[in-house]
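As a plain string of letters, each chain reads:
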Amino acid sequence: MAPAAPAEFLPALLAELASAIEAVGGTSATVGSGAGVSGTGWTVPIVATGSLRGTARLTLDQGGVLGLLHLVLGPDADTSDNAAKDLLAELTQQATSALCLKAPFAKLSLSVGTIVAGEAQAEQKTLFVLQIGETALQIAAGASLEPMADEPAAAMATAPATATASAPVAAAVTAAPRRVSSGGTTAVPTSNLEVVLDIE
């Protein structure tokens, strides 16, 4: 199967994030088109290497993350900044790990960076919403990714050519007689193994 194209990355990642939330929250999560993130949210940086190389960013709105904390940890959940970052780190790690197991992304490696509070950047133009029960988690996403050539194929394409003798040339080299001189005698082995002596 061909490696995934960059345009496939963000939708596939959000689908895996929804699956991770379902697994820990026990509530169905669906992905749809979002309305954007206003104000400060939680930004998750991701670095991609392998079949795709570059970076991606997810910014999740704080209100939605607060609802997610209560959904996963209960009504008395710790809603501190550290708790929010820990939960998002766990969910995105699960999502990126699961994504890299899928066939189109099998040669992709993803690492999640430090999650910080911040606003969505101008390049984060892909807007999603994760609907988790009554909680709507708005996400602004962006990615700058380039596909990389398969390394074995690239190595074969750039390897220097090795000259190989053609069959007629090889046969001619094998069958060619050798002249051996010793003193005044010259021996010329022929194809029928006869030896001709020419004594001066």
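Here the structure is a predicted model, which means the values were calculated and not measured.

(A) Inspection of the overall build of the protein at higher detail. The number of helices and strands found in the protein is five helices and nine strands. Relative to its 200 residues, the protein shows a buried fraction of 32%. Across the protein, the fraction of contacts at a sequence separation of at least 24, relative to all contacts at a separation of at least 6, is 67%. Counting every atom, the protein has about 11,700 Å² of accessible surface; 57% of that belongs to carbon and sulfur.

(B) View of the environment of Glu123. Topologically, Glu123 is positioned in the loop between β5 (116-118) and β6 (126-132). When the C-alpha positions of Glu123 and Ala141 are compared, they lie 8.2 Å apart, and in sequence the two are 18 residues distant. Here Glu123 is in contact with Ala141 and Gly142, once residues within four sequence places are set aside.

(C) Region of interest: the nonpolar core. The biggest cluster of nonpolar side chains holds 42 residues, and the ones touching the most others in it are Phe9, Leu58, Leu130 and Ile139. If you list the elements that add at least two residues to this core, you get α1 (6-25), β2 (41-50), β3 (52-61), α2 (62-73), α3 (81-99), β4 (108-112), β6 and β7 (135-147). When residues in this core are grouped by element, the largest group, nine residues, is from α1. Excluding anything up to four places from it in sequence, Ile139 contacts Leu14, Leu17, Val37, Leu58, Thr59, Leu60, Thr126, Leu127, Phe128 and Leu130.

(D) Highlighting α2. Taking 1.5 Å of rise per residue, the twelve residues of α2 would be expected to cover 16 Å, and the 16 Å separating its terminal C-alpha atoms lies within 8% of that figure. Residues of α2 that are buried include every one of Gly64, Val65, Gly67, Leu68 and Leu69, and no others. On its buried face, α2 sits against α1, β2, β3, α3, β6 and β7. Looking at where α2 begins, the residue whose side-chain oxygen comes 3.3 Å from the main-chain nitrogen of Gly63 is Asp61. Count one or two residues on from α2 and you reach Gly74, which has phi positive near 100 degrees.

(E) Representation of the side chain of Thr59. Relative to the helices and strands, Thr59 is located in strand β3. In this structure the side chain of Thr59 is engaged in a polar contact, spanning 3.0 Å, whose partner is the side chain of Thr43.

(F) Geometry of α3. Across its 19 residues, α3 extends 27 Å between first and last C-alpha, which sits within 8% of the 27 Å expected from 1.5 Å per residue. Looking at α3, one finds that the buried residues are Ala83, Ala84, Leu87, Leu88, Leu91, Thr92, Ala95, Thr96 and Leu99. Of the surrounding secondary structure, the elements contacted by the buried residues of α3 are α1, β2, β3, α2 and β4.

(G) Representation of the packing of α2 against α3 in the model. The contact between α2 and α3 brings their axes to 10 Å, and the two run at 80 degrees. Taken together, α2 and α3 sit at an angle that is classed as roughly perpendicular. Contacts between α2 and α3 involve Val65, Leu68, Leu69 and Val72 from the first element and Ala83, Ala84, Leu87, Leu88 and Leu91 from the second. Considering only residue class, the contact of α2 with α3 consists of nine nonpolar, no polar and no charged.

(H) Geometry of the pattern of salt bridges. A complete count under the given rule lists one salt bridge for this structure. Close ionic contact of Lys102 with Glu16 constitutes a salt bridge, the shortest N to O distance being 2.5 Å. Remark: Glu16 occurs in helix α1 and Lys102 occurs in the loop between α3 and β4; sequence separation between them is 86 residues. According to the relative accessible area criterion, Lys102 is partly exposed, its value standing at 39%.

(I) Geometry of the packing of α1 against α3. Where α1 contacts α3, the axes come no closer than 8 Å and their chain directions differ by 125 degrees. With respect to α3, the axis of α1 lies oblique. Seen from above, α1 lies across α3 with right-handed handedness. Every residue of α3 that contacts α1 at Phe9, Ala12, Leu13, Glu16, Leu17, Ala20, Ile21 and Val24 is listed here: Leu91, Thr92, Gln94, Ala95, Thr96, Ala98 and Leu99. Here the contact of α1 with α3 is built from residues that sort into eleven nonpolar, three polar and one charged.

Reading the values: the criteria
- Residues numbered from 1 in each chain as written.
- Predicted model: local features only at pLDDT ≥ 70, side-chain atom pairs only at ≥ 80, totals over all residues.
- Heavy atoms only, no water.
- Helix = DSSP H or I, 4+ residues; strand = E, 2+ residues; numbered from the N terminus.
- Buried < 20%, exposed > 50% of the residue type's maximum accessible area, 1.4 Å probe, protein only.
- Contact = heavy atoms within 4.5 Å.
- Areas by Shrake-Rupley, 256 points an atom, 1.4 Å probe, with all protein chains shown as cover.
- Core = buried A, V, L, I, M, F, W, Y, C linked by side-chain atoms within 4.5 Å.
- Expected span 1.5 Å × (residues − 1).
- Polar contact = N/O pair within 3.5 Å; in protein donor to acceptor, adjacent residues only side chain to side chain.
- Axes fitted to C-alpha atoms, helices over the stretch in contact; angles between N-to-C directions.
- Parallel < 35°, antiparallel > 145°, perpendicular 65-115°, else oblique.
- Nonpolar A, V, L, I, M, F, W, Y, C, P; charged D, E, K, R; others polar.
- Salt bridge = Lys/Arg side-chain N within 4 Å of Asp/Glu carboxyl O.
- Left-handed = near helix turned anticlockwise from the far one by under 90°.

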